[in-house]
Amino acid sequence: MSNKAFVSIGNLKRGRNAVSQIIETVASGGCSTSGGEGKASCGSTDGPGDMPAEIWEKVKNHPCYSEEAHHHYARMHVAVAPACNIQCNYCNRKYDCSNESRPGVVSQKLTPEQAVKKVVAVASEIPQMTVLGIAGPGDALANPKKTFDTFRALQEQAPDIKLCLSTNGLALPEMVDEICRYNIDHVTITINMVDPVVGAKIYPWIFWQHRRVTGIEAATILHRQQMLGLEMLTARGVLTKINSVLIPGINDEHLYAVNREVKKRGAFLHNIMPLISEAEHGTVFGLTGQRGPTAQELKAVQDACMGGANLMRHCRQCRADAVGLLGEDRSEEFSLDKIEQMEVVYDLDKRRAYQQTVEVERQAQHEAKQAALAATAAQADAVDADIKVLVAVATVGHGKVNQHFGHATEFQIYEVSQAEALFIGHRRVDLYCQGGYGEDEQLPSIVGAINDCHAVLVAKIGACPRDELMAAGIEPVDEHAHEFIEQAALAWFAGYRSRIARGKIMHQPRGDARIRQGAYTAAAEAA
Ligand code: CLF
Ligand code: SF4
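Described below are features of the structure shown in this document. Every value quoted in this text rests on a predicted model; they were computed, and no experiment measured them.

## Brief notes about unusual backbone geometry
For step 1, the next point in the chain: The omega angle of the peptide bond from Gly136 to Pro137 is 15 degrees, so this bond is cis rather than trans.
For step 2, the next point in the chain: Within the secondary structure, Pro137 sits in the loop between β3 (129-134) and α5 (144-157).
For step 3, the next point in the chain: Phi is positive for His210, which is not a glycine, with a value near 70 degrees.
For step 4, the next point in the chain: Note that His210 resides in the loop between β6 (205-208) and β7 (211-214).
For step 5, the next point in the chain: What makes His210 exposed here is its relative accessible area of 77%.
For step 6, the next point in the chain: In the Ramachandran plot, His398 falls in the positive-phi region, its phi being about 65 degrees despite a non-glycine side chain.
For step 7, the next point in the chain: Secondary-structure assignment places His398 in the loop between β12 (389-393) and β13 (410-416).

Shown next as structure tokens:
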């Protein structure tokens, strides 16, 4: 286990001084930047007024490129790309490509014909499925025939579905023409370093021009190909998302430099993902005890990168055959044997009509948020305009607080202030309600996962978890059940500030994931 103390914001800021040195070692830029200039968060929360119309058209219903869209629209992956041309120390080839997947997950591999059949079947059943991605189980571009055969057939049979792929970037420059030929508008490149010395700690080898290359030479080639590929895609108007795996002690302080370099070359989004590393995954990092970051450490690195390439914070590290909304996995419903028995009708009009209803709901969500923000800004009895708190939300989608506490397998986390209710991440938790009964043994781990939050917004909650949360200083809130999330979070926050102003409670900052006892109690509320 690495005992190296993890990144502090101070360290990150000092790390910036090294950035100019690193910049000199990378290929020259020269591309215009299409990523959001200095925006506070993921381009994702932006609306049509914040970007050119043609970009908005590309992102508005892509659940990964738009945070707002991920509440409403689904994606699916088809696992047609088994081979890979590099080795990452966080990957075991027995499983899927961990650049876009959770390690330890194996997907059902498909031929292009099976993949197309599956996509058409899913699109008929899930009209909000708008994006098809190829993200493994190896590297999409190390399997060009299978990848592009799939895209070609889909372009003909399901023309309204956006096409997306994910790659480590080694083969990217020579594939850019092919990518553009099939109107693939969204490409993810995993870039974990812009300094080959750092890269050599992550990549033991690459397969390049018919030979295996190792060490700094391998990382230098990979880096050069990644930068060139990114620049070429930007020049052709393809939206790029950069995935970076945050590896404490190896590239944590370095990711600021990565963020600035990819912004310079036109990246649209930067998705900093936590390393998931367990010995049983059999990866080099798993076996050497390299740990992943905590949720708070991840947030610290993301926060330090703000002001550069826009950050994506809603990634769920999907599997290579994922189906559904981000965070839900319906792949079991669409196994090959089940698809064989399905009656499939690809009804484009039905899909469009459904998506129209989603847009109406989305507009209502937007208006509700604006109204709540206006109310918060006009609040007369609130103190401490600078207060910022985290709230956890239980949701099954549609942008609403609409899940029972006991049914949540993850909570979405929002940072709420007078000026904003901003999605900043999610926390996976163990299911509390099992077979109709609450599993009290799970409660400490659930409470611990959201212990830096001041409140948890739910559709409903039982007495036992309610008491446990309150004892831990987290306010359970079900008064805003079935409201839109931002509207509910802002309304709760207005009440919270009002209670502080009236001397009912005292604001206490909460900064880490350890359980704190007694910060918020029923007695305090009643006082
Ligand atoms: Fe898939 Fe990736 Fe396309 Fe999305 S996933 S290929 S961009 S359609 Fe999305 Fe999943 Fe995160 Fe990837 S949440 S792992 S970022
Ligand atoms: Fe594994 Fe993906 Fe890295 Fe290839 S690119 S070694 S499949 S994590």
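## Section: the sheet that holds strand β14 (residues 421-428)
In a beta sheet, neighbouring strands are held together by backbone hydrogen bonds and run either parallel or antiparallel to one another.
For step 1, the next point in the chain: Sheet architecture is open: five strands sit in the order β14-β13-β12-β17-β18, paired in mixed fashion. Pairing within the sheet leaves two strands with one partner each, and these edge strands are β14 and β18 (475-477). When strand polarity is set aside, the average angle formed by the axes of neighbouring strands in this sheet is 25 degrees.
For step 2, the next point in the chain: As judged from the three bridges shared by β12 and strand β17 (residues 455-457), these two strands associate in the parallel manner.

## Some words on the site of ligand 1
For step 1, the next point in the chain: Looking at ligand 1, there are 15 residues lining it, with Cys64, His77, Cys164, Cys315 and Cys318 nearest.
For step 2, the next point in the chain: Taken together, the residues that form the shell around ligand 1 break down as seven nonpolar, five polar and three charged.

## Let's talk about the sheet that holds strand β4 (residues 162-167)
For step 1, the next point in the chain: The eight strands are arranged β10-β9-β8-β5-β4-β3-β1-β11 in an open sheet whose pairing can be described as mixed. Strand pairing shows two members of the sheet lacking a second neighbour, β10 (311-312) and β11 (323-324), which therefore form its edges.
For step 2, the next point in the chain: Here β3 runs beside β4; their pairing, made up of four bridges, is parallel. Bridged to Ile134 within β4 is Leu165.
For step 3, the next point in the chain: Along the sheet face, helix α4 (residues 112-125) touches β1 (74-77), β3 and β11 and points at about 160 degrees away from the line of β3.
For step 4, the next point in the chain: On top of the sheet, helix α9 (residues 255-264) reaches β8 (239-246), β9 (269-274) and β10; it is set at about 175 degrees to β8, its chief contact.

## Remarks on the pattern of salt bridges
For step 1, the next point in the chain: Counted according to the given criterion, the structure contains 23 salt bridges.
For step 2, the next point in the chain: Glu340 is the partner of Lys117 in a salt bridge, and the nearest nitrogen-oxygen pair spans 3.4 Å. Placement of the pair is Lys117 in helix α4 and Glu340 in helix α12 (residues 336-340), with a sequence separation of 223 residues.
For step 3, the next point in the chain: The class of Lys117 is partly exposed, set by a relative accessible area of 44%.

## A word on the pairing of β12
For step 1, the next point in the chain: Most of β12 sits inside the fold, with five of its five residues counted as buried.
For step 2, the next point in the chain: Side chains Val389, Val391 and Val393 project from β12 onto one buried face, and the interleaved Leu390 and Ala392 project onto a second face that is buried too.
For step 3, the next point in the chain: For β12 and β13, the ladder comprises five bridges, and the chain directions are antiparallel. For Val391, the partnering residue across the bridge sits in β13 and is Tyr414.

## Side note on the nonpolar core
For step 1, the next point in the chain: Counting residues in each nonpolar core, the largest one holds 60 residues, and the members touching the most others are Val78, Met129, Leu132, Phe151, Ile179 and Ile184.
For step 2, the next point in the chain: In terms of residues, this core owes the most to one element, α4, which gives seven residues.
For step 3, the next point in the chain: Setting aside anything within four residues of it in sequence, one finds Val78 in contact with Leu110, Ala115, Val119, Leu132, Gly133, Ile134, Gly136, Thr150 and Ala320.
For step 4, the next point in the chain: Counting 36 residues, the second-largest nonpolar core is a separate cluster that includes Leu239, Leu269, Phe285 and Leu326.

Parameters and conventions
Throughout this description, residue numbers start from 1 for each chain and increase along the sequence as written. Here the convention is simple: chains get letters from A, ligands get numbers from 1, in the order in which they are written. Per-residue local features of the predicted model are confined to residues with pLDDT of at least 70, and side-chain atom pairs are confined, for both listing and counting, to 80 or more; whole-chain, interface and lining totals are unaffected and use all residues. As a convention, hydrogens and water are excluded, and side-chain values are obtained from all of the structure's heavy atoms. Secondary structure is summarised from DSSP: a helix means a run of H or I of at least four residues, a strand means a run of E of at least two, and numbering begins at the N terminus for each. Three labels apply to residues, based on accessible area from a 1.4 Å probe with only protein chains included: buried if under 20% of the type maximum, exposed if over 50%, partly exposed otherwise in between. Each pair of strands is called paired provided DSSP finds at least two bridges between the two strands. An axis is simply a line fitted to the C-alpha atoms; with a helix, the fit covers only the stretch in contact. Between two such axes, the angle follows the N-to-C directions and lies from 0 to 180 degrees. Here a residue is considered near a molecule or strand provided that any single heavy atom belonging to it is located within 4 Å of it. Only Asp, Glu, Lys and Arg are considered charged, only Ala, Val, Leu, Ile, Met, Phe, Trp, Tyr, Cys and Pro nonpolar, and every remaining residue, Gly among them, polar. Contact criterion: two residues are considered in contact whenever any of their non-hydrogen atoms come within 4.5 Å of each other. One speaks of a salt bridge when a side-chain nitrogen belonging to Lys or Arg is within 4 Å of a carboxyl oxygen belonging to Asp or Glu. We call a set of buried Ala, Val, Leu, Ile, Met, Phe, Trp, Tyr and Cys residues a nonpolar core when their side-chain atoms join them within 4.5 Å.

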